[in-house]
Amino acid sequence: MPNPLEATIDIAAAPEQVWAVVSDLGRMPEFSPSTLRMIPLGKPQPGAFTLNLNKVGRKYYPTTSRIVRYERDRAFAFRMNENGTVWSFTLEPTESGTRLTERRDIPNGVTKPVRIMIDALLGGEQKFEADLTDGMTATLQKIKAVVENKAPAQN
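The following paragraphs examine the structure supplied in this document. Everything numeric here is computed off the predicted structure, so don't read it as measured data.

### Considerations on the nonpolar core
Consideration 1: Ranked by internal contacts, the top residues of the largest apolar core, which has 29 residues, are Ile-11, Val-18, Phe-76, Phe-89, Leu-100, Ile-143 and Val-147.
Consideration 2: Examining the composition of this core, we find that 7 residues originate from one element, helix H4 (residues 125–147), more than from any other.

### As for helix H1 (residues 15–22)
Consideration 1: The set of residues buried in H1 consists of Pro-15, Val-18, Trp-19, Val-21 and Val-22. For H1, the arc enclosing every buried residue in end-on projection is 165°, short of the 170-degree limit, so these residues lie on one face.

### What to know about the pairing of strand E7 (residues 97–105)
A regular strand carries its side chains on alternate faces of the sheet.
Consideration 1: When strand E1 (residues 5–11) meets E7, the two strands line up antiparallel, connected through 7 bridges. By the bridge assignment, Ile-9 is partnered in E7 with Leu-100.
Consideration 2: The pairing of strand E6 (residues 86–94) with E7 spans 9 bridges and is antiparallel. Paired with Trp-87 across the bridge in E7 is Arg-104.
Consideration 3: Counting the residues between successive antiparallel strands, the hairpin from E6 to E7 contains 2 residues.

The rules behind each value
- Residues numbered from 1 in each chain as written.
- Predicted model: local features only at pLDDT ≥ 70, side-chain atom pairs only at ≥ 80, totals over all residues.
- Heavy atoms only, no water.
- Core = buried A, V, L, I, M, F, W, Y, C linked by side-chain atoms within 4.5 Å.
- Buried < 20%, exposed > 50% of the residue type's maximum accessible area, 1.4 Å probe, protein only.
- Helix = DSSP H or I, 4+ residues; strand = E, 2+ residues; numbered from the N terminus.
- Arc of directions from axis to C-beta.
- Pairing = 2+ DSSP bridges.

Shown next, in the form of structure tokens:
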């Protein structure tokens, strides 16, 4: 059974500054090691769709998602249409700035075709989830670096 996955980082900047980066969906490829493109169809808001191009290793695959939460300076979430997973970014004010959490939830479990694909093409569920968690940590570190102006984002 797949697990919820989560990574958190503290950023020395106000939630508004973090939000400006996290909510710019076109910039997602700068941060996520598995996202090559994330194209919002219209204004980002609940109900809006995105077209995405992703990769794992040398494997490329398209996906679509629907924004399910978009609360300025607080939270952004999208549900993948292909597998029902929900990816979210939550911003929480702290004394020194913002705590940013990225999370993957699977509210309805994984369908058999998706499970077969994970086993056959992505090394099995444990490896796939470990890779996703590593990717989430890398994503948050890159966002932190950009927001804190420590380094330019690179893909």
